[in-house]
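What follows is each chain in one-letter form.
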Amino acid sequence: MSHPGKPIPEIGYDSLSDRFRGALNFEHNKPDFKELDLGSPVSPLRTRGPGGGVGGGPAASGITTTSSSSSSSGSVSGKTGNNPVVKRSDGGGNNHSGELSGSSESSPTASESVRSAAAARNSKPGHRRSNSGGAPLIYSGGSVTSSSGGSSVNSPVMNVLPSGNICPSGRILKTGMACRSSTRSDVLGSGTGNYGHGSIMRGVGGGKLGSGSGGETTGGNVTGNIQFAGESMMVKRAMASSDPEEIKRAGNEQYRRRNFAEALCLYDRAIAMSPDNAACRSNRAAALAGLGRLGEAVRECEEAVRLDPGYWRAHQRLASLHLRLGQVENARKHLCFPGQQPDPVELQKLQAVERHLNKCADARKVGDWKSALREGDAAIAAGADSSPQLFACRAEVLLKLHQLEDADSGLSRIPKFEWSTPSCSQTKFCGMLAESYVFFVRAQVEMALGRFENAVAAAEKAGHLDPRNIEISMMLSNVRLVARARARGNELFNSGKFAEACSAYGEGLKFDPSNSVLYCNRAACWSKLGQWERSVEDCTHALKIQPNYTKALLRRAASNGKLERWAESVRDYEVLIKELPGDNEVAEALFHAQVALKKSRGEEVYNMKFGGEVEEVSGLDQFRAAISSPGVSVVHFKAPSNQQCEQISPFFDTLCHQYPSMNFLKVDVNESPAVAKAESVRIVPTFKIYKNGSRVKEMICPSHQVLEYSVRHYSL
């Protein structure tokens, strides 16, 4: 029940901003906007009249709107007062009426809001009140929007839309609107209006429309589609507007809702109509930053500063962008803007990034790669989270630590950035231009992985960008010489001139002594010449640089086999079979190396066949014959319905491929109870290992590690 004589005091912006500033804060990527003071959830907007007052002038100062609700807690009334709206100054003495900030902003539809609120008081329950334009109204995010493209009314009209709380689950809307929770969540009760009284909730399941006594709608779901439809219409209406300020305000609202792409489209249109508007340029930069397009955001901010050199907000945003890119000096120039005190939080962040950057550069200079990695990661965590040169430094450090795969994946993580602005293109890192340093690192990683053409292209790009840097010039020369030596060696190898090819690869190693590809290629030449010891040595060099280099492992295993070092050969083949589990040639080579190892130890080896498949046992006689065969047999006792058996069975199949010289058997205890009884198997999964018919090991429910260790132990 309403009490028009005792309105609840209006909840102003100041009281709400402290409570909800965190929810709206996007740090320095937040567009410059002025928020609307919505007061009560059902009150008309407080708007600024010609004289700076609220509403359409003095006559609007005492307007009170009352709504009735089915909730027993009573109604909420909003009251506007003569509270002046102060226009925000950017700190440099310039006012940007459409900039995105925390202060209030006048409503573009003040007079419509007042007229609709007055009309609402004169409407009668049970009768439909039509819009002045004749078009239906759509509710979206606390406003009523005309579907015909008319003006927006930011106060519900009685008996057209349901009265009561219009907010998600009784919380305060992000726009600053205060609401209270309904006693009947998500359901519209019966009433005399078209939709009845109650609450529309934008909850997970959507609200439900109840049937009112005079209503036309009897049921259905009210979902977020209402909100989205309203937003879409808002954007379309703004795009059709000829007022750049209105378009900008619509862009601000889309940005606040984190719809950055929609906000960008609106800012683009506003800029097309008013290209010299610094606030529009700065807001566009915020939307671009939200989309991760930092290079474009920097250019847009610089344009805003060019248009208005005293625009402090644009300087602040530009400082934040430069800091994210790891450009400390550029960030300091805009953060410490003359006449303004720098933000202490941003200043502290800048100092932390600078400290870690300097330590990273010092560690790199002396070859302390682990410290360089630690300090570089600390600089990224401190705020330089989109710095191409820091991510490139990480890839270089991993390369120097012989983690080639990680270094290669690190190249793909380097943020894409257009170094088109003069301020960015002149940024330096470790004595090089930052852009050229990224190509410098790329060239090193590409060459280490044998992609010599890519390495030459990257090195030449680095040399073109920074031709005077000595480190880049030396690297470019080395890359060209190594690529030429490798090409010459390949040509000689293909011609069967293996000794000459060895010399060619050796020339390349003089310029790049840590190139695993050249070592492996020269090892292939030594093996062709029958110099197995030298082949093993070069393969070992390659594997120290690139531990999982499969070609080097394969050649070393084969060379050790030629030298009858079967234990070393088996060890390399076992690593290979894990890297290449489906390679039958590797599996067969491992089998023959394991057999040769057993013979070299004096073990009896006869009738051993290359396996690789698990044998299913269905009877006691078959089981006894299988475990009595020469060599080692591993038996898996299982039950189909047992979850542990299902989990470990695929791993058992993998071990069969990894150890082809052993026999692998599976026994289903349900189908072969005689085998289970003869072997006293009462728990599954159980594993037993037999050697020449005698049981040597039994494991009940072992882990993968225990099972593999036991299999490997008895395979040797």
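Residues numbered from 1 in each chain as written. Predicted model: local features only at pLDDT ≥ 70, side-chain atom pairs only at ≥ 80, totals over all residues. Heavy atoms only, no water.

Trainee: Lay out the overall build of the protein in plain terms, naming residues and giving numbers.
Mentor: On a plain count of helices and strands, the protein comes out with 27 helices and 14 strands. Across the 716 residues that make up the protein, the buried fraction comes to 52%. Across the protein, every contact between residues at least 6 apart in sequence was considered, and the portion connecting residues at least 24 apart equals 61%. (Helix = DSSP H or I, 4+ residues; strand = E, 2+ residues; numbered from the N terminus. Buried < 20%, exposed > 50% of the residue type's maximum accessible area, 1.4 Å probe, protein only. Contact = heavy atoms within 4.5 Å.)

Trainee: Residue-level account of the packing of aromatic side chains, with values.
Mentor: Taken as a whole, this structure holds eight aromatic pairs when the rule is applied. Each ring, one from tyrosine 437 and one from phenylalanine 440, has its centre 6.2 Å from the other, and the planes form 25°; the classification is stacked. Of this pair, tyrosine 437 and phenylalanine 440 both sit in helix 15 (residues 434–448), three residues apart, which is roughly one turn of the helix. Assessed through its relative accessible area of 0%, tyrosine 437 is described here as buried. Accessibility expressed as a relative area gives 3% for phenylalanine 440, which makes it buried. Between phenylalanine 623 and tyrosine 690, the aromatic rings sit 5.9 Å apart at their centres with planes inclined by 85°, giving edge-to-face as the arrangement. On the criterion of sequence distance, the pair formed by phenylalanine 623 in helix 24 (residues 620–627) and tyrosine 690 in strand 13 (residues 686–691) is long-range, its members being 67 residues apart. (Phe/Tyr/Trp six-rings, centres within 6.5 Å; stacked < 30°, edge-to-face > 60°.)

Trainee: An account of the state of the cysteines is requested, with residue identities and associated values reported.
Mentor: As enumerated under the stated definition, the model contains zero disulfides in all. With no disulfide of its own, cysteine 520 has cysteine 539 as its nearest cysteine by sulfur position, at a separation of 5.4 Å. Under the relative-accessibility criterion, cysteine 520 is labelled buried at 0%. (Disulfide = S-S within 2.5 Å.)

Trainee: Talk me through the environment of asparagine 252; I want residue IDs and the actual numbers.
Mentor: Locating asparagine 252 in the fold gives a position in helix 4 (residues 244–256). A polar contact of 2.7 Å, which involves the side chain of asparagine 252, links it to the side chain of tyrosine 267. (Polar contact = N/O pair within 3.5 Å; in protein donor to acceptor, adjacent residues only side chain to side chain.)

Trainee: Any chance you could break down helix 20 (residues 532–545) for me, citing the residues and the numbers?
Mentor: With 14 residues, helix 20 should reach 20 Å at 1.5 Å per residue; the first-to-last C-alpha distance of 20 Å fits that figure. Residues of helix 20 that are buried include every one of Ser535, Val536, Asp538, Cys539, Ala542, Leu543 and Ile545, and no others. On its buried face, helix 20 is in contact with helix 13 (404–412), helix 19 (516–528) and helix 21 (550–562). (Expected span 1.5 Å × (residues − 1).)

Trainee: So what's going on with the environment of asparagine 670? Residues and values would help.
Mentor: By the secondary structure assignment, asparagine 670 is in the loop between strand 12 (663–668) and helix 26 (673–678). Relative accessible area serves as the criterion here: at 53%, asparagine 670 is assigned to the exposed category. For asparagine 670 and serine 641, which are 29 residues apart along the polypeptide, the C-alpha to C-alpha distance reads 9.9 Å. Beyond its immediate chain neighbours, meaning those up to four positions away, asparagine 670 contacts Ala639 and Pro640.

Trainee: Tell me about unusual backbone geometry, and please be specific about residues and values.
Mentor: Cis geometry is found at the peptide bond from valine 684 to proline 685, where omega equals 0°. Relative to the assigned elements, proline 685 resides in the loop between helix 26 and strand 13. Positive phi outside glycine occurs at histidine 402, with the angle close to 65°. Secondary-structure assignment places histidine 402 in the loop between helix 12 (388–400) and helix 13.

Trainee: If you had to explain the sheet that holds strand 13 to someone new, which residues and values would you point to?
Mentor: Strands pair in a sheet through their backbones, by hydrogen bonds, and they do so in one of two ways: parallel or antiparallel. Sheet architecture is open: five strands sit in the order 10-12-11-13-14, paired in mixed fashion. Both edges of this open sheet fall to strand 10 (615–617) and strand 14 (694–700), since each of them pairs with a single strand only. Geometrically, the sheet is characterised by an average inter-axis angle of 25° between neighbouring strands, direction not taken into account. By the bridge criterion, six bridges tie strand 11 (residues 632–638) to strand 13 in an arrangement that is antiparallel. Counterpart to phenylalanine 637 in the pairing with strand 13 is threonine 686. (Pairing = 2+ DSSP bridges. Axes fitted to C-alpha atoms, helices over the stretch in contact; angles between N-to-C directions.)

Trainee: Which residues make up the UniProt feature "repeat: TPR" (unreviewed entry) in the protein, and what are the values?
Mentor: In the numbering used here, UniProt assigns the "repeat: TPR" (unreviewed entry) feature to residues 244–277 and 436–469. Secondary structure across residues 244–277 divides into 79% helix and 0% strand, with the first and last C-alpha atoms of the span separated by 10 Å. Taken end to end, residues 436–469 has its terminal C-alpha atoms 10 Å apart, with 79% of it in helix and 0% in strand. (UniProt positions renumbered as here; feature names shortened; annotations may be inferred.)

Trainee: Hey, could you go over the packing of helix 16 (residues 452–465) against helix 17 (residues 470–494) for me, with residue numbers and the actual values?
Mentor: One can describe the packing of helix 16 onto helix 17 by two numbers: an axis separation of 9 Å at closest approach and a directional angle of 155°. As judged from the angle between their axes, helix 16 and helix 17 are roughly antiparallel. Read as a crossing pair, helix 16 and helix 17 show a hand that is left-handed. For the pair helix 16 and helix 17, contact is made by Phe452, Glu453, Ala455, Val456, Ala459, Glu460, Ala462 and Gly463 and by Ile472, Met475, Leu476, Val479, Arg480, Val482, Ala483 and Arg486, respectively. Tallied by class, residues from the contact of helix 16 with helix 17 come to eleven nonpolar, one polar and four charged. (Parallel < 35°, antiparallel > 145°, perpendicular 65-115°, else oblique. Left-handed = near helix turned anticlockwise from the far one by under 90°. Nonpolar A, V, L, I, M, F, W, Y, C, P; charged D, E, K, R; others polar.)

Trainee: Which residues make up the environment of phenylalanine 664, and what values do they have?
Mentor: Inspection of the secondary structure puts phenylalanine 664 in strand 12. Setting aside residues up to four positions removed in sequence, phenylalanine 664 forms contacts with Glu613, Val614, Glu615, Val634, Phe652, Leu655, Cys656, Tyr659 and Val711.

Trainee: Let's hear about the nonpolar core: which residues, and what values?
Mentor: Of all hydrophobic cores here, the largest spans 78 residues; its most connected members are Tyr437 and Val441. When residues of this core are assigned to domains, at least three map to each of domain 1 (239–342) and domain 2 (514–605). With residues near it in sequence (within four places) discarded, valine 441 still touches Ala392, Ala395, Glu396 and Leu411. The next biggest cluster of nonpolar side chains, apart from the first, holds 25 residues, and it includes Tyr255, Leu264, Ala287 and Leu294. (Core = buried A, V, L, I, M, F, W, Y, C linked by side-chain atoms within 4.5 Å. Domains from an automatic or database assignment.)

Trainee: With reference to specific residues and values, describe the pairing of strand 14.
Mentor: As paired elements, strand 13 and strand 14 share six bridges and run antiparallel to each other. Along strand 14, the bridge assignment pairs lysine 688 with glutamate 698. In this antiparallel pair of consecutive strands, strand 13 and strand 14, the connection spans two residues, and asparagine 692 shows a positive phi of 55°.

Trainee: Could you give an account of helix 19, with specific residues and numbers?
Mentor: Along its 13 residues, helix 19 runs 19 Å from first to last C-alpha, staying within 8% of the 18 Å computed at 1.5 Å per residue. Counted residue by residue, helix 19 has eleven buried out of 13 residues, so it is predominantly covered. Every buried residue belonging to helix 19 is among Ser516, Val517, Leu518, Tyr519, Cys520, Asn521, Arg522, Ala523, Ala524, Cys525 and Trp526, and all of these are buried. The opening residue of helix 19 is asparagine 515, an N-cap whose side-chain oxygen sits 3.1 Å from the backbone nitrogen of valine 517. Glycine 530 lies just past helix 19 and shows a positive phi near 75°.

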